[in-house]
2 protein chains.
Amino acid sequence: MNIHTTVKSDIEIAQESVVKPIVEIAAKVGLTEEDLELYGKNKAKLTYETMETLATKPDGKVVLVTAINPTPAGEGKSTVAVGLADAFNQIGVKAMAALREPSLGPTMGIKGGATGGGYAQVLPMEEINLHFTGDIHAITTANNALAAFLDNHLHQGNELNIDPRRIVWKRALDLNDRALRQVIVGLGGPMQGVPREDGFDITVASEIMAVLCLADSLADLKSRLARMIVAYNYDKQPVTCGDLGVEGALTLLLKDALKPNLVQTIEHTPVLVHGGPFANIAHGCNSMVATKTARKLADYVVTEAGFGADLGAEKFLNIKARMAQIDPDAVVIVATIRALKMHGGQSKADLKQENVEALRKGLKNLKKHIETVQAFGLPAVVGINRFVTDTKAEIELLEQWCQQEGVEVSLTEVWEKGGKGGVDLAQKVVQTINQSPSRFKSLYELSQSLEEKMNVIVQQVYGGKGVEFSAKALKQLKEFDQHGWSDLPVCMAKTQYSLSDDQAKIGRPQDFTIHIRELIPKIGAGFIVALTGDVMTMPGLPKKPAACAMDVDDQGRAKGLF
Amino acid sequence: MNIHTTVKSDIEIAQESVVKPIVEIAAKVGLTEEDLELYGKNKAKLTYETMETLATKPDGKVVLVTAINPTPAGEGKSTVAVGLADAFNQIGVKAMAALREPSLGPTMGIKGGATGGGYAQVLPMEEINLHFTGDIHAITTANNALAAFLDNHLHQGNELNIDPRRIVWKRALDLNDRALRQVIVGLGGPMQGVPREDGFDITVASEIMAVLCLADSLADLKSRLARMIVAYNYDKQPVTCGDLGVEGALTLLLKDALKPNLVQTIEHTPVLVHGGPFANIAHGCNSMVATKTARKLADYVVTEAGFGADLGAEKFLNIKARMAQIDPDAVVIVATIRALKMHGGQSKADLKQENVEALRKGLKNLKKHIETVQAFGLPAVVGINRFVTDTKAEIELLEQWCQQEGVEVSLTEVWEKGGKGGVDLAQKVVQTINQSPSRFKSLYELSQSLEEKMNVIVQQVYGGKGVEFSAKALKQLKEFDQHGWSDLPVCMAKTQYSLSDDQAKIGRPQDFTIHIRELIPKIGAGFIVALTGDVMTMPGLPKKPAACAMDVDDQGRAKGLF
C-alpha cells in the first residue's frame, strides 16, 4: 500500500468506482459483442476469430514500464503503468494497457491484491485478484495433470524407462505453501504408485505459464507443451510431455486460457490482463498474445515487466520482444524517492526524513537502469511515483540530476489523481518517442553461445564483470550443446533486490561476478534458465496471512483485499 | 458409452447440436439478462438477488432419479434424468433438471465426460466437462488454502497446540492421481515447515464440496466452513477452520461458486448443473441451492443422486431432503436389462446373448431398491434405458414382473431419441404422482443415536441384519456423543457395487452385517461419515488415460471427449 494523503484503501476506491459494461469498453477500441466471450458483465475474453481478423491491422506503439531494483519501500510500477495508460487517453492518444494477472498465493499471503493502486487501478479489482477468468486454474490443472500422467506412466510399467530420481516436472498450486516445497509422493505400497521425491511450485512458476505467455496460437501452444522436458530416462536422455502423448489433452485444458482477458481501469481505459509468469524462474511479462492484440487495438500500448529493469525488462527485450517481434518504442523507469534513498543507504524506518545525500547516492541504481535501456537502443523516461513525504530539496536534486543525465523525468501522482496525475509523464513519453525514435536491438544474437549470452547480460545489464560456472553448470553447457539447445535465449534467475547475485548489495555494486549454479532447460518456453543462488519458486505465508482479514458480505461483496 | 444403433459419439452429437444463447433459455423460465452472470454465451450463473426474489414463489414437484447397484454394463442414470426433463417439456409439463457437475479427474482418466449421453445431453458438453464456470477450481483452491494456513500455523509457532500426527484435513486436486494418496510434506529443514504425513483427495471428495452443496446462503456457507474439523490438538480436542480464523477468506474464494449454473439440454430444456460431491465419502447430490432454485422456476424438477438407491438416494432422502426441506414427489429407478442380467450372474462378455433366467435372478436387486423407495413413503417408477441387444422375451419378462410387483415401468429410448424417447416415462411419472401422492418421511429421526441410525439404514435400505463396530468406531461413538455430534445424520461410505459392504456380492445379498471400521465427523457438511471397508477418495488413472486421445483444433474445438 502506498502512503499518500488520501486514507482510502485500494478496495474502497475500487468498490466506489463505476465499472462500465465491458461491451462498452470494447466498443472504444472497435470491438463488438460478437468479438467477446463474456465472463459476467465486466470481464470478457477475445475470441480466436477476432484475433485472426485483427492480425492484418497496423501495430500501435509499445511503451514498456520497468523499475529500479525493488526495495521494501515499494515503487508502484503497476500503478504507474495503469495511470500512464489513463493519462494517454487524457491527452487524446488512444491507449490500452497489457498487464499481468495476479497470482492468488501472494494475494492471500501478504499482498492482498495486485491490480495497481489508488485511482490507477484495474477493475473489477476483486475478481481479477481472485479467480478472474480461470486462466491460472487451467494452468494449475494442466501442470498437475501432466504430473499425474507421468506418475501413472511409472506405475503402469514405465515403458519410457524414466529414472524416478531424475523427474524434473514438479506439481503446482497457485498458493503460498512452504510445506509443499519438498515432498515425497507415491507412498503406501505397490497399489499407490512409485515412491519418489517431488515438490510443488507456485503455478506462476510453472513452465506452462511461461509457455502460455510465449505461444502465439493454439498450434504453437501445443508444440511448445510437447517439447517440455518432464524427466530424464536411465540413459540420461530427456523425456518430454510429447513422449507421454498428452500435449493434446493439455492444450484442450488451456484452450480458453490462451485468449486474452479484457477489463478496464477506473477511468474506463481498456486493459488486457493476461498471463503472469514469475520474473525469476521465468520471463515475468504478460502474454505475447495480449501485447500483440493490444497493439492492433490501440495506438499506444503500455505494458510492464516484473521486478527491476535488470530482470523483467532484460527478459522482455531479449526474450519476449524477439520471439513476438515486438519492437518497443520507449521505456519508462519507475522509481520513488523513498526507494532511491534506500538504495543510498537510508533505513526503512527513517524514510520520512529528508535525506538528500542518500538520494544522491541511490541515484546510481537508477543510472544503471537508464544505461541498460539505452544499451538496447531505446529512449528512457524516468517516472517518479510521488509520495507526500518527498521534500522540495529531494525533488529538485532528482530533477537536476536527470537534466544532467539528459533523460526526461516526470513526477506522477496517478495513485491520487488517476490519469490526470500522469499527463506530464504521458506527454514526455510521446515527445520522447517522436524525438528519439527507437533503434531497438537485442543485446545478443541467438547464435552466440550460452556462456557468451550470459556474459553479455552480466556486463551490459548488471554492470558486473562476467559469469562463472559451477562444475555442474559447466558440464550442462556441454550437454546442452549436444542437445542442440545452445541457440536458445537465457532466462536469468537472480535476486531482484540487487544488480548482483547478492541481495544485500543495493545501490550500484561494482566488480562483481555472477555465479551460475545450475542451468534448467525450459524447452517448451524456449529458454535456458540460469540459476544464480537460491530461487524461490514456492513462497511461504507470513505469521498472520492477509487471508485472516478477508471476508465477504451476504451479497458477495469482498472485504479485506487491499 | 452406450451401445445403440447410432454410431455417433456423444461429442459428435453434442457438437452437431445447436446451443441457443443462454439468455433465451433463461427467458423460458421467466428470467431476464439481469438475473444472469454470463460465462460466455451459453453458460450463466444466477445472481444472489435473483435467488432472493424467487424465494417467495411456490415450489415445483421434485422427481429423484436413482438406479440399481451399478455394474460394469452401465445404467445411464444421467442420460435418463436429462431425457426425462426433455420428455416432460414434450408433454407440456414445464420442467428443469438439477444435476451434478462432472469432475475432471474421471473425465481425463476413463469417463471422457459426464453430461448424459446420445441425444439426452447437457450442453455445452465440452465446457461443462472441462473447467465449466470454475466452481470446482474454487473448491480446490479453498481446500488447499486451508491446508496451507494449517501448515503455516504449525510452522509459525503452533499456538493452537495442533498435534501434527492428528491432522485430518487433506489437500485436494480435481484429478485422478494415485501418487498423491499418501505423501510426506514439510521436508527440507526448519525453513520448509513441519514434516508430517499427508494425502490428497480428489476435490469432489473434499468436505468443502459437501459444504457448498448443503449451504443455503453465503452466511450458512461461512458458518459451515468455520465448523469443519481440520485437526486435533495434543489434548485430542478438535481444531476447526474457524479456530484458524480463515473461514472468511474461504467464503470469499467460494462467493461465486455458490451460485448455480444455468445451461441447457440438446432440446433446450433449462438445466442447473451445480455441485458434485462424491457419493461415497459424501452425499452425492447436486447443490441444495440449485435444487431449491429449480423448484421456483419449473413445475417439475428432475434431479439425481450418485450410484444406486442404497447410496445416493438414501443420502438424498435422509440428508439433503431433510436439511433443504425438499419433499420429493416420486423416484425413478433406472436399470438396464444388461445390468440386471449381470446382477443375475451373466458375465459381461455374454451380455449380448439373451438370458431370461439371469434377468429373472437379477430383478432381485431392482426389487430391493423399489422396496427402499416405498419405505420412504414415495412412489417408484422403473425406467429402463433400452439397448438394441435387449430381446423381446427379456422385455416381456421385465414388464410382467413389474406388473406383478405393482410398479410402473417404462422403456425409454432417450439416448437415441432425446425427449421423445422418454415421453412414456414422463407420462407415467406424472400419472403416478397424481395417483399416489408422496407420503415422504425420513427413515430415522435425528434424535436417534448414531448406532440406531446406521441400523435403520442397513436394515431398511441395504436389507442386511445390522451394523457391527470396530473397537475404534465404538470408542468414537462415545467421543462423538460427548462432542454433541450424535444428532447428526449418518453418511454411509460403502461400495456402490453391492447392497452389502462386499463388492462381490451382487444381486440381493441376504443375512449380512455391515462392519463399521471408522467414523469421520464432517461437522461443516453436517453429517458423520461411517466407513465400511476401504473408501477410495483419490482415484487412479488407467494404463492409457482417456486424455491420450484428447486434443483441440486451431479454433479451440475439442476432440476426444466422449
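Residues numbered from 1 in each chain as written. Chains lettered and ligands numbered in written order. Predicted model: local features only at pLDDT ≥ 70, side-chain atom pairs only at ≥ 80, totals over all residues. Heavy atoms only, no water.

**Concerning the interface of chain A and chain B**
You'll often see interface size given as the accessible area lost when the parts meet.
Move 1: Each partner contributes residues to the interface: chain A has 76 residues there, and chain B has 76 residues.
Move 2: Interface area for chain A against chain B, summed over the two sides, is near 6200 Å², with a carbon-plus-sulfur share of 62%.
Move 3: Where chain A touches chain B, the interface holds four salt bridges.
Move 4: Residue Asp177(A) is joined to Arg171(B) by a salt bridge in which the shortest nitrogen-to-oxygen separation is 2.9 Å. (Contact = heavy atoms within 4.5 Å. Buried area = accessible area lost by both parts, 1.4 Å probe. Salt bridge = Lys/Arg side-chain N within 4 Å of Asp/Glu carboxyl O.)

**Remarks on the relation of the copies chain A and chain B**
Move 1: Mapping chain A onto chain B is achieved by rotating through 180° and translating by 0.0 Å along the same axis, at an RMSD of 0.0 Å. Both chain copies can therefore be described as sitting about a two-fold axis. Minimal C-alpha separation from the rotation axis in chain A is found for Tyr39(A), amounting to 2.2 Å.
Move 2: When you check the interface residues of chain A against chain B, 100% turn up at the interface there too, and the contact is symmetric in its surfaces. (Least-squares fit on C-alpha atoms with pLDDT ≥ 70 in both.)

**A closer look at a negative patch on the surface**
Move 1: On the surface, Glu33(A), Glu34(A), Glu33(B) and Glu34(B) cluster together into a patch of negative charge.
Move 2: Relative to the assigned elements, Glu33(A) resides in the loop between α2 (22-28) and β1 (36-38). (Patch = residues over 30% accessible without salt bridge, like charges linked within 9 Å, V, L, I, M, F, W, Y side chains within 5 Å. Areas by Shrake-Rupley, 256 points an atom, 1.4 Å probe, with all protein chains shown as cover. Lys, Arg positive; Asp, Glu negative; His and termini not counted. Charge placed at Lys NZ, Arg CZ, Asp CG, Glu CD. Helix = DSSP H or I, 4+ residues; strand = E, 2+ residues; numbered from the N terminus.)

**Topic: the UniProt feature "binding site: ATP" (unreviewed entry) in chain A**
All names here are of chain A.
Move 1: UniProt's entry tags Thr71, Pro72, Ala73, Gly74, Glu75, Gly76, Lys77 and Ser78 with the feature "binding site: ATP" (unreviewed entry), counted in the numbering of this structure.
Move 2: Residue placement: Pro72 occurs in the loop between β3 (61-67) and α4 (77-90).
Move 3: By relative accessible area, which is 55% here, Pro72 ends up exposed.
Move 4: On the secondary structure map, Ala73 appears in the loop between β3 and α4.
Move 5: Ala73 has contacts with Arg338, Ala339, Met342 and Leu351, leaving out every residue within four places of it along the chain. (UniProt positions renumbered as here; feature names shortened; annotations may be inferred. Buried < 20%, exposed > 50% of the residue type's maximum accessible area, 1.4 Å probe, protein only.)

**Quick word on the environment of Tyr497(B)**
Residue and element names in this part refer to chain B.
Move 1: Here Tyr497 shows up in the loop between β21 (490-493) and β22 (513-516).
Move 2: Taking relative accessible area as the criterion, Tyr497 reaches 34% and is therefore assigned partly exposed.
Move 3: Measuring from C-alpha to C-alpha, the distance between Tyr497 and His343 comes to 9.8 Å, with 154 residues separating the pair along the chain.
Move 4: The residues touching Tyr497, leaving out its near neighbours within four places in the chain, are Asn69, Pro70, His343, Gln503 and Ile506.

**Topic: the state of the cysteines**
Move 1: This model, assessed by the stated rule, comprises zero disulfides over all chains.
Move 2: Here Cys241(A) stays unpaired: no disulfide links it, and the sulfur of Cys548(B), its closest cysteine neighbor, is 10 Å away.
Move 3: For Cys241(A), a relative accessible area of 0% gives the class buried. (Disulfide = S-S within 2.5 Å.)

**What to know about the pattern of salt bridges**
Move 1: Summed over all chains, the structure comprises 62 salt bridges over all chains.
Move 2: Between Asp201(A) and Lys170(A) there is a salt bridge; the shortest N-O distance is 3.0 Å. With Asp201(A) in strand β11 (residues 200-202) and Lys170(A) in the loop between β7 (162-167) and β8 (171-173), this pair connects stretches of sequence that are 31 residues apart.
Move 3: The partly exposed category is assigned to Lys170(A), whose relative accessible area is 30%.
Move 4: One continuous salt-bridge network, built from bridges that share partners, spans Asp151(A), Arg171(A), Arg196(A), Asp198(A) and Asp177(B).

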